[in-house]
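Chain residues, written in single-letter form:
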Amino acid sequence: TINLAADAEGQSAILTVERDTGSIADKISTLLDAFTAFQSLIKNETGVTASGSGANATYTRNALAGDNTLFTALRTSLYMTLSETISGLPAGAPTSLRQIGITLDANLVPVLDANALDAALAADPSGVEALLNAVLDNMEKRLSPYTGADGMINRKIAVTNEQLRGVNDRVS
């Protein structure tokens, strides 16, 4: 609803409606930041932390150290989601995140080129939406074996807890 002032009768006004590409870019940046934080968490928690150097060095296994197979597969699968070509999109729609300005830098950190995103949104907003929906669907499909009550992560936790109980039983 647009309400005009009483003294505006007989005067003209210009109403401009534009797509808010800035808020779209902000939401995509938030998603990419969460992706990067998740990837960093997995990488850090599956590693070993060194303190000191030389003969005085000590090493501490982080919480998920030794579970590299499971978590490396998860990380790789999620990276593939960012770099794959998507099929089945409407004709003319972008088919990869690269085409809308999302790339991975040399450290595998996703980077958003806001100018490329703006250009893609100007050229085919519904195509960009279709691509992003497909990428998020693929990401969800790739995450689903790992998450949930019967997911691989919960199964790994259950196995680890059982191993800990076994060790505790032998020690006591």
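First things first, this report covers the structure right here in the doc.

Parameters and conventions
- Residues numbered from 1 in each chain as written.
- Predicted model: local features only at pLDDT ≥ 70, side-chain atom pairs only at ≥ 80, totals over all residues.
- Heavy atoms only, no water.
- Helix = DSSP H or I, 4+ residues; strand = E, 2+ residues; numbered from the N terminus.
- Rg over C-alpha atoms; globule rule 2.2 N^0.38 Å.
- Buried < 20%, exposed > 50% of the residue type's maximum accessible area, 1.4 Å probe, protein only.
- Contact = heavy atoms within 4.5 Å.
- Areas by Shrake-Rupley, 256 points an atom, 1.4 Å probe, with all protein chains shown as cover.

As for the overall build of the chain
Consideration 1: The helix and strand tally for the chain stands at five helices and four strands.
Consideration 2: For the chain, whose C-alpha radius of gyration is 24 Å, the value lies well above the compact-globule estimate of 16 Å for 172 residues.
Consideration 3: Over its C-alpha atoms, taken along the principal directions, the chain stretches across nearly 90 × 40 × 35 Å.
Consideration 4: The buried share of the chain, taken over its 172 residues, is 27%.
Consideration 5: In the chain, the share of contacts with a sequence separation of at least 24, taken over all contacts with a separation of at least 6, comes to 57%.
Consideration 6: A total accessible area of about 11700 Å² is found for the chain, and carbon and sulfur atoms account for 53% of it.

Some details on the environment of glutamine 39
Consideration 1: Considering the arrangement of structural elements, one finds glutamine 39 in helix α1 (residues 21-45).
Consideration 2: On the accessibility criterion, glutamine 39 (1% relative accessible area) is buried.

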